[in-house]
Amino acid sequence: MNFLIGAFKPPCTVSITLADARNRKQVPLKKDNGQTIMVPLFQSQESIVGEVVIEPTQGKKLEHNGFKIELLGQIELFFDRGNFYDFTSLVRELEVPGELYDRKTYPFEFSTVEMPYESYNGVNVRLRYILKVTISRNIVSNIVEHQDFVVRNYTPPPPINNSIKMEVGIEDCLHIEFEYSKSKYHLKDVIIGKIYFLLVRIKIKNMELEIRRRESTGSGPNTYVETETLAKYELMDGTPVRGESIPIRLFLSPYELTPTYRNINNKFSVKYYLNLVLVDEEDRRYFKQQEITVYRLLETS
């Protein structure tokens with residue numbers, strides 16, 4: 001039995017260490033098995049520097065066809081699970097074919113890496129970045145080790161940020177105007193607005209403001225759209241009177257938003273909407289939806 005266990009032991013251990021691991025910010029990342037781990041955070045144009053340590057199992061030599069490390073940016077669509085589309089692929093050869101008897105350290109550097117898209121874990125799509133070490137071998141399978149990291153990219157405040165003004169009405173029954181102070185919001189922003197009741201001839205039971213995320217993946221017949229309601233904010237309870245106005249003040253920071261992503265590598269998009277919902281006393285629902293743009297502002301803290 002012990003002989004069998006020994007036969008399946010890996011012939012070496014592989015570890016990947018980043019040069020600035022102690023000082024670099026760590027963020028949570030949910031793995032396939034549901035566990036959450038802490039991984040380093042990068043942004044586009046940063047250099048990724050570190051070392052790979054390969055140590056043969058005691059008393060064994062490691063015969064190999066070379067070692068390499070890759071930096072990969074990948075998109076996986078869940079209807080095509082297991083197929084990764086690489087939009088970034090960089091390689092550094094670490095070792096030529098030969099034999100390894102003792103522990104050896106291999107430094108690596110990927111300089112000012114273009115990482116245009118943010119890491120994203122959605123309903124039907126995942127975008128990830130990994131460092132992947134491959135030890136090539138002849139007859140037996142290759143040894144592969146990888147480390148995840150997260151990319152977030154920051155946007156300056158938009159120079160023009162127009163307000164949103166809209167009307168919703170049912171002929172001779174209801175006429176409402178509503179206004180949001182702007183159309184583009186950063187992740188920690190506050191939605192400020194006002195609703196004006198110009199005509200009210202139906203009995204409104206309550207009114208809510210929802211934040212919705214719409215994720216579109218694939219194209220053509222393989223297009224999948226998932227809409228999630230991330231927040232529900234009750235604006236009023238009971239019937240308003242004509243001429244009444246109701247203020248809106250909704251903080252975004254408690255909700256797990258991402259920036260708006262438009263046509264990422266022709267594979268997916270993520271958009272956000274403010275959805276105004278009115279419910280009358282007969283439980284009929286009236287909607288008015290408006291897209292907003294969400295962006296990531298550089299945090300000063």
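Residues numbered from 1 in each chain as written. Predicted model: local features only at pLDDT ≥ 70, side-chain atom pairs only at ≥ 80, totals over all residues. Heavy atoms only, no water.

K.L.:
Is there a simple way to explain the environment of Thr36 in this structure?
P.N.:
In this fold, Thr36 is placed in strand E3 (residues 36–42). Its relative accessible area of 52% is what places Thr36 among the exposed residues. Each residue touching Thr36, except ones within four places of it in the same chain, is listed here: Pro28, Leu29 and Lys30. (Helix = DSSP H or I, 4+ residues; strand = E, 2+ residues; numbered from the N terminus. Buried < 20%, exposed > 50% of the residue type's maximum accessible area, 1.4 Å probe, protein only. Contact = heavy atoms within 4.5 Å.)

K.L.:
Sorry if this is basic, but what is going on with the domain arrangement of the chain here?
P.N.:
For an interface, size is often stated in terms of accessible area lost upon the parts coming together. In terms of domain boundaries, the chain breaks down into domain 1 (12–151) and domain 2 (164–295). Facing the 14 residues of domain 1 at the interface are 16 residues of domain 2. Across the domain 1-domain 2 interface, the total number found is zero salt bridges. For the pair domain 1 and domain 2, the number of links is four residue pairs in polar contact (both at pLDDT 80 or more). Of the residues contributing to the side of domain 1 that touches domain 2, the split by class is ten nonpolar, three polar and one charged. (Domains from an automatic or database assignment. Salt bridge = Lys/Arg side-chain N within 4 Å of Asp/Glu carboxyl O. Polar contact = N/O pair within 3.5 Å; in protein donor to acceptor, adjacent residues only side chain to side chain. Nonpolar A, V, L, I, M, F, W, Y, C, P; charged D, E, K, R; others polar.)

K.L.:
Explanation requested: the packing of aromatic side chains in the structure shown.
P.N.:
Within the structure shown, the criterion is met by ten aromatic pairs. Pairing Phe67 with Tyr106 gives two aromatic rings, centres 5.6 Å apart and planes at 90°, and the pair type is edge-to-face. Residue Phe67 is located in strand E6 (residues 67–77), and its partner Tyr106 is located in strand E9 (residues 104–110); the two are separated by 39 residues in the primary sequence. Since its relative accessible area comes to 0%, Phe67 is described here as buried. For Tyr106, a relative accessible area of 5% translates into the label buried. (Phe/Tyr/Trp six-rings, centres within 6.5 Å; stacked < 30°, edge-to-face > 60°.)

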